[in-house]
Amino acid sequence: AKVDGTAMYSIDVRLPGMVYASVVHSKVQLAAPMSWNDEAMRQLPGIVDLVPLEHGVAIVAKTFEQALAARSSLEVEWDTGVAAAGYDSEPALEVAYEAVLADGTEAKVVSTEGAGAAVFGQAAQTLKRSFRSDYGYHAQMEPLNAVARFNEAGDAVEIWEGTQAPDMSRAGIAELLGLDISRVTHHQQYLGGGFGRRSINDYTIEAVLIARATKRPVKMIWTREEDLAYGMFRPQNLQCVEAALDANGNVTGWRHCVVGDGEGLLYSGINLHEYYGIRDRQIETRGQSHGIRLKHWRAVARPFNLFAIESLVDELAVQAGMDPFAFRRAHMALTPKAQAVFDRAEKMSGFHAPRPAGRAVGVSVSECSGALGAGVAEISLDRTSGVIRVHRVWAAIDGGIVVQPEMARANVESGVVYGISSVLKERATMKGGVVQQSNFHDYAVLRMSEAPEEIHVEFIERDTPPTGLGEIGNPFVAAAVANAFFALTGKRLRHMPFTPERVRTALQS
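A brief report on the enclosed structure follows. (Residues numbered from 1 in each chain as written. Predicted model: local features only at pLDDT ≥ 70, side-chain atom pairs only at ≥ 80, totals over all residues. Heavy atoms only, no water.)

1. Some thoughts on the overall build of the chain
At step 1: In terms of helices and strands, the chain carries 13 helices and 21 strands.
At step 2: Radius of gyration (C-alpha) of the chain: 25 Å, near the 23 Å computed for a compact globule of 509 residues.
At step 3: Across its three principal directions, the C-alpha atoms of the chain cover 75 × 50 × 50 Å.
At step 4: The proportion of buried residues among the 509 residues of the chain is 56%.
At step 5: Contacts spanning at least 24 positions in sequence make up 77% of the contacts within the chain whose residues lie at least 6 apart.
At step 6: Surface accessibility of the chain: about 20300 Å² in total, with carbon and sulfur atoms responsible for 52%.
At step 7: Charge-centre separation for the chain: the mean point of 50 positive side chains lies 3 Å from the mean point of 60 negative side chains. (Helix = DSSP H or I, 4+ residues; strand = E, 2+ residues; numbered from the N terminus. Rg over C-alpha atoms; globule rule 2.2 N^0.38 Å. Buried < 20%, exposed > 50% of the residue type's maximum accessible area, 1.4 Å probe, protein only. Contact = heavy atoms within 4.5 Å. Areas by Shrake-Rupley, 256 points an atom, 1.4 Å probe, with all protein chains shown as cover. Lys, Arg positive; Asp, Glu negative; His and termini not counted. Charge placed at Lys NZ, Arg CZ, Asp CG, Glu CD.)

2. Points about the packing of aromatic side chains
At step 1: Enumeration over the complete set of coordinates arrives at 13 aromatic pairs.
At step 2: Judged by centre distance (5.3 Å) and plane angle (90°), the rings of Tyr137 and Tyr443 are edge-to-face. Taken together, the positions of Tyr137 in the loop between β7 (125-133) and β8 (145-150) and Tyr443 in the loop between β19 (434-435) and β20 (454-459) put the pair 306 residues apart, joining distant regions of the chain.
At step 3: Through pairs of rings, three or more aromatic residues link up here, namely Tyr135, Tyr137, Phe233 and Tyr443. (Phe/Tyr/Trp six-rings, centres within 6.5 Å; stacked < 30°, edge-to-face > 60°.)

3. Re the packing of helix α8 (residues 302-320) against helix α12 (residues 477-489)
At step 1: Two elements in contact, α8 and α12, have axes separated by 8 Å at closest approach and are oriented at 30°. The chirality of how α8 crosses α12 is right-handed. Listed contacts from α12 to Pro303, Leu306, Phe307, Glu310, Ser311, Asp314 and Val318 of α8 are Ala478, Ala479, Ala482, Asn483 and Phe486.
At step 2: Looking at the contact of α8 with α12 residue by residue, the classes come out as eight nonpolar, two polar and two charged. (Axes fitted to C-alpha atoms, helices over the stretch in contact; angles between N-to-C directions. Left-handed = near helix turned anticlockwise from the far one by under 90°. Nonpolar A, V, L, I, M, F, W, Y, C, P; charged D, E, K, R; others polar.)

4. Looking at the side chain of Arg132
At step 1: By secondary structure assignment, the location of Arg132 is in strand β7.
At step 2: A relative accessible area of 16% means that Arg132 is categorised as buried.
At step 3: Residues within four places of Arg132 in sequence aside, it is in contact with Leu93, Glu94, Glu98, Asn237, Leu238, Phe307, Arg494, His495 and Met496.

5. What about the sheet that holds strand β15 (residues 359-368)?
Backbone hydrogen bonds are what pair the strands of a sheet, in a parallel or an antiparallel way.
At step 1: Read across the sheet, four strands follow the order β15-β16-β17-β20 without closing on themselves; strand pairing throughout is mixed. With one partner strand each, in any of the chains shown, β15 and β20 form the two edges of the open sheet. On average, each strand axis in the sheet is inclined to that of its neighbour by 20°, with strand direction left out of account.
At step 2: Pairing of strand β16 (residues 371-382) with strand β17 (residues 387-398) involves eleven bridges; the strand directions are antiparallel. Among the inter-strand pairings, Gly373 is bridged to a residue of β17, identified as Ile397.
At step 3: Sheet contacts for helix α11 (residues 405-424): β17 and β20; angle to β20, the most-contacted strand, approximately 130°. (Pairing = 2+ DSSP bridges.)

6. Re the pattern of salt bridges
At step 1: Under the criterion given, the structure shown has 33 salt bridges.
At step 2: A network of salt bridges, in which partner residues are shared, links Arg355, Arg359, Glu378, Arg392 and Glu454. (Salt bridge = Lys/Arg side-chain N within 4 Å of Asp/Glu carboxyl O.)

7. Observations regarding α8
At step 1: The end-to-end C-alpha distance of α8 is 26 Å, a good match for the 27 Å that 19 residues give at a rise of 1.5 Å each.
At step 2: Across the 19 residues of α8, 16 count as buried, placing the element largely inside the fold.
At step 3: Looking at the residues trailing α8, positive phi occurs at Gly321, about 70°. (Expected span 1.5 Å × (residues − 1).)

8. Focus: the nonpolar core
At step 1: In terms of nonpolar packing, the biggest core is built from 81 residues, with Trp254, Phe342, Ile388 and Phe498 touching the most fellow members.
At step 2: Per element, the largest residue contribution to this core is nine residues, and it comes from α8.
At step 3: Not counting the four nearest positions on each side in its chain, Phe342 is found in contact with Tyr276, Glu310, Phe325, Arg328, Arg329, Leu334, Val363, Ser364, Val365 and Ala374. (Core = buried A, V, L, I, M, F, W, Y, C linked by side-chain atoms within 4.5 Å.)

9. A closer look at the sheet that holds β7
At step 1: Reading across the sheet, the six strands line up as β6-β14-β13-β12-β7-β21 and stay open at both edges, with mixed pairing between neighbours. Single-partner strands in this sheet number two, and they are β6 (107-113) and β21 (495-496).
At step 2: Of the pairings in the sheet, the one linking β6 to strand β14 (residues 280-287) comprises six bridges and is antiparallel in character. In the strand pairing of β14, Glu113 is matched with Arg281.
At step 3: Strands in contact with α8 are β7, β12 (237-245), β13 (251-260) and β21; relative to β7, the strand with the most contacts, it is inclined by about 145°.

10. A look at the layout of surface pockets
At step 1: One number sums up the size of the largest pocket: a volume of about 1100 Å³.
At step 2: Lining of the largest pocket is provided by 36 residues; of these, Gly193, Phe195, Arg298, Ser414 and Tyr418 occupy positions nearest its centre.
At step 3: Sorting elements by how many residues they give to the lining of the largest pocket places α11 first, with six residues.
At step 4: Partitioned by chemical class, the residues of the lining of the largest pocket number 16 nonpolar, twelve polar and eight charged.
At step 5: Of the pockets and cavities examined, the second largest pocket occupies roughly 280 Å³.
At step 6: Lining the second largest pocket are 18 residues; nearest its centre among them are Leu424, Lys425, Ala444, Thr499 and Pro500. (1 Å grid on protein atoms, 1.4 Å probe; cavity = no way out; pocket = protein on both sides within 12 Å on 5 of 7 lines; lining within 4 Å. Points joined across faces, edges and corners; volume = space filled by probe spheres on them.)

11. Here's the deal with the pairing of β15
At step 1: Burial within β15 is extensive, with nine of its ten residues counted as buried.
At step 2: Across ten bridges, the pairing between β15 and β16 is antiparallel. Each residue of the ladder has a partner; that of Val365, found in β16, is Ala374.

12. Looking at the state of the cysteines
At step 1: The tally for this structure, following the rule as stated, stands at zero disulfides.
At step 2: No disulfide involves Cys240; its nearest neighbouring cysteine sulfur is the one of Cys257, lying 6.6 Å away. (Disulfide = S-S within 2.5 Å.)

13. What to know about the environment of Gly287
At step 1: Positionally, Gly287 belongs in strand β14.
At step 2: C-alpha of Gly287 to C-alpha of Glu106: the two residues are 181 residues apart in sequence and 7.2 Å apart in space.
At step 3: In this structure, Gly287 is in contact with Glu106 and Gly260, ignoring residues within four places of it in sequence.

Written as structure tokens, this is what we have:
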């Protein structure tokens, strides 16, 4: 159905008497509208209504083209006394977060195992490094949209949306409207990309409120520019990771601190016990608040946490003069599941075999939703442009009993591509609280021509309950690419994404 165009997405839904809405939000996130040129706007061709919302103004028109045309004429005075006003993300990440990390007074211990950080006092040696990650946008292909229609009495509503959480959406709309949930009919549609963003229904709520105000069926569509400007992002962060080693070179302690905004969006998934038998561990955060909307992003915090963890492990292996597989087996106390996936990934990739000239491989663990994996990436580098190309990827996954093998394989493959895109290209920045990127010309995503020539996925066959495979494909990518980059150049990448400018700077360091 997706191939021949018969699959119904909410953006395809058409209802009798339906009107179209386009919402304009403040460029400074979460500012509220105070006033606008209402009378002049209502004189424009096709305009049906203007509906104030908590953080925007909806332009309602007979056609979507008319709603779009009217956007440039809307003049809104915004209440910009909000937290995001004046916020600049780049100096915050580069300078302010470093100061917070050095200060230490805002540290919040999230979890401690064994002796925690105290083990560092008895360590024979330690290794400490910092890593950064920029804001990430979900970049779903279908712009956020929903359709809503009330009955004549206004005491029941139907909604059409592509959502990751139809039950939560339905319940939230019933609560918002003060209706019994039986009065909310939900029509689940295909969704053109979710990645965590479509598990919250703020855009659907806007469609419902507009339909209630206009007393007409409404299709509400955010433009791509609106979706980015009023986006919900994977949080930027600064991480400091430190390993303690005993006299035999075994990693006995781990300290992991994350600076940024977003609470659990920052530290979820630092689950070293799932793959490494390190006795003493401590996780800390140092929270910052910027007023930027944040949201779960595919695998949540794992892509940047595993980037930090596995980059440090690779550096420990180099320091010990050992290959990354041998070091993990000898000094990281691999769990049985981890041993199996690393063994399989090593064999699949032919990790120690000679590579074509100008290529190198790197390895990383991957973990999410009870599943465990290990992945290897083979890369090349154009040293003049600073462009990294990922040519081949191998992933060995333990997901328990795999119920739908081909669907599971496709899901892992999609996670790999999604991960490569975020690792090499994707970054959102804010200046004065305003998102600086507006569409795919300046928020770059991986193109088909840049995708790996080969992605190999194998599942470890085990008679254990199924685990989640939807997000296991991207957490390993950053560290696998960064570790391959070191093998190729002798230089480390510590700031994700690995843009050409950052690559060239690393080469010159």
